[in-house]
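# Overview (structure and organization)
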Amino acid sequence: MSVYSVSAIAVAISAGLFLPATAEDSDPVSRGAYLVNGPAACSNCHGTRNEKFEIVEGMEFAGGFHIVDPAFDVYASNITPDTETGIGGWSDEEVVKAIREGVSPDGEIIFPPMPVPTYNNMSDADVTAIVAYLRTIPAVKHAVEESHWNIPQQAMPPAAGTPAPPASDQIAYGGYIVNAVAHCFECHTPMGPAGPDMSKLGAGGMQITLAPGMEIVTSNITPDPETGIGNWTDEQIAEAITGGVKADGGLISPPMPYPWFANMTQEDLDAVIAYLRTIPPVSNKVARTEFQQKNFP
Ligand code: HEC
Ligand code: HEC
């Protein structure tokens, strides 16, 4: 090895180019698999569910899950590579546009409740990785019913595709996972008259209908010590996010995606918790619904 190339390596090391691969720049298919089955929890909606609300094996992305709300009556799509009933016939660009802007190739707007406003913040590398992974899952032929909306829909603007902050910038990186990938606030922010009430970001109280008669409300995850999670230890918050158990030992009800969040790396989980500690505390006492109390004491 010549002196020149040795010094070139030294320069590369000092510039950070030879540091261990971060989650952001590892192989796209494994990065995509991690995001989809971890913090993005796509199957929480796109999995086919049986009457016990369990995801049917082999149908994790085959769609058909029925989500009803006063604003919409939708069936999550089949996102496997099947060409007839899935997205096998779409180009990568078309899938990217559906995920980050919420528009399908035929021009239809596909959200809410798909968390497109969150995905609009996703980096080019991450959305490309997700699409690369979706191409590798087995094609499943499963036709899904049509969705309907009772509200005017609007596409998200073209995504900026800004790279994720480096994981070493823990709070910014945690903010990226929360606001671009894991859609925490799309569930944990209450609805106001014109969409989510951003003055109560993360303060809970959003009502979600799991199925007719199965109404649940989301919790306050701001650092408010009385009504939020300000007094919880990091371990307690981690257990809620990945294990579905509250600080008081009570169980957390679906659709909190803890079975997917359980696949999050320790680094990502720590970053999410560090970031949640920095959002403004909002005093908002959320009562559990009768359904929650009965089924998830
Ligand atoms: C909160 C529920 C929810 C989550 C989470 C969700 N989606 Fe969706 N998604 C939907 C629904 C509902 C539709 C169908 C809308 C319609 O019928 O037009 C949809 C549609 C799509 C479509 C368009 C497919 C088509 O045939 O119209 C794609 C692609 C897609 N989702 C990908 C994803 C990916 C990838 C993720 C995870 C990163 C994800 N979705 C997470 C609910 C969700
Ligand atoms: C699809 C909707 C949804 C998403 C996405 C979601 N949550 Fe939840 N979360 C819930 C529901 C529902 C509960 C449980 C409410 C109950 O059982 O009282 C919950 C409960 C919690 C709790 C327990 C707090 C308490 O006092 O009960 C924490 C902490 C939490 N979520 C954090 C997060 C974080 C962090 C994210 C993103 C990484 C996230 N959630 C994403 C729906 C969601």
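None of these values were measured; they are calculated from a predicted model.

### Structural notes on the site of ligand 2
- The local shell around ligand 2 holds 26 residues, among which Cys184, Cys187, His188, Lys246 and Met256 are the closest.
- Within the contact set of ligand 2, a nitrogen atom lies 2.7 Å away from a side-chain nitrogen or oxygen of His188.
- Gln292 places a polar side-chain atom, nitrogen or oxygen, 2.9 Å from an oxygen atom of ligand 2.
- Breaking the shell around ligand 2 down by element, the ones donating at least two residues are α8 (184–188), β7 (214–217), α9 (234–243) and α11 (266–276).
- Take the shell around ligand 2: its biggest share by element is three residues, from α8.

### Quick word on the coordination of the iron atom of ligand 2
- Surrounding the iron atom of ligand 2 are the protein donor atoms His188 (NE2) and Met256 (SD), which sit 2.0 to 2.2 Å from the metal.
- Coordination at the iron atom of ligand 2 comes from six donor atoms whose angles at the metal span 86 to 179°, giving a geometry best classed as octahedral. In this pair, His188 is assigned in helix α8 and Met256 in the loop between α9 and α10 (258–261), connecting sequence segments 68 residues apart.

### Overview of the domain arrangement of the protein
- Under the domain assignment used here, the protein contains domain 1 (22–164) and domain 2 (167–297).
- Summarising the inter-unit geometry, the C-alpha centres of domain 1 and domain 2 are found 21 Å apart.
- Each partner contributes residues to the interface: domain 1 has 27 residues there, and domain 2 has 21 residues.
- Between domain 1 and domain 2, roughly 2,000 Å² of surface is buried when both sides are summed, and carbon and sulfur atoms account for 58% of that area.
- Put simply, domain 1 and domain 2 have zero salt bridges between them.
- Counting across the interface, domain 1 meets domain 2 through eight residue pairs in polar contact (both at pLDDT 80 or more).
- Mapped by element, the contributors of at least two residues to the side of domain 1 that touches domain 2 are α2 (28–37), α3 (43–46), β1 (66–69) and α5 (116–119).
- Looking at the side of domain 1 that touches domain 2, the element that brings in the most residues is α2, giving five residues.
- Its residues assigned to classes, the side of domain 1 that touches domain 2 comprises 16 nonpolar, eight polar and three charged.

### Comments concerning the nonpolar core
- Counting 52 residues, the largest nonpolar core has Ile99, Phe185 and Ile241 as the members making the most contacts within it.
- Summarising the domain contributions, this core has at least three residues from each of domain 1 (22–164) and domain 2 (167–297).
- Every residue in contact with Phe185, bar those within four places of it in the chain, is listed here: Val178, Asn179, Leu201, Gly202, Ile221, Tyr275, Leu276 and Ile279.
- Ranked by size, the runner-up nonpolar core spans twelve residues in total, among them Ile67, Phe72, Met206 and Leu210.

Parameters at a glance
- Residues numbered from 1 in each chain as written.
- Chains lettered and ligands numbered in written order.
- Predicted model: local features only at pLDDT ≥ 70, side-chain atom pairs only at ≥ 80, totals over all residues.
- Heavy atoms only, no water.
- Near = heavy atom within 4 Å.
- Polar contact = N/O pair within 3.5 Å; in protein donor to acceptor, adjacent residues only side chain to side chain.
- Helix = DSSP H or I, 4+ residues; strand = E, 2+ residues; numbered from the N terminus.
- Donors = N, O, S within 2.8 Å, 3.2 Å for Na, K, Ca; no water.
- Tetrahedral: all angles 85-135°; square planar, octahedral: opposite > 155°, others 65-115°.
- Domains from an automatic or database assignment.
- Contact = heavy atoms within 4.5 Å.
- Buried area = accessible area lost by both parts, 1.4 Å probe.
- Salt bridge = Lys/Arg side-chain N within 4 Å of Asp/Glu carboxyl O.
- Nonpolar A, V, L, I, M, F, W, Y, C, P; charged D, E, K, R; others polar.
- Core = buried A, V, L, I, M, F, W, Y, C linked by side-chain atoms within 4.5 Å.
- Buried < 20%, exposed > 50% of the residue type's maximum accessible area, 1.4 Å probe, protein only.

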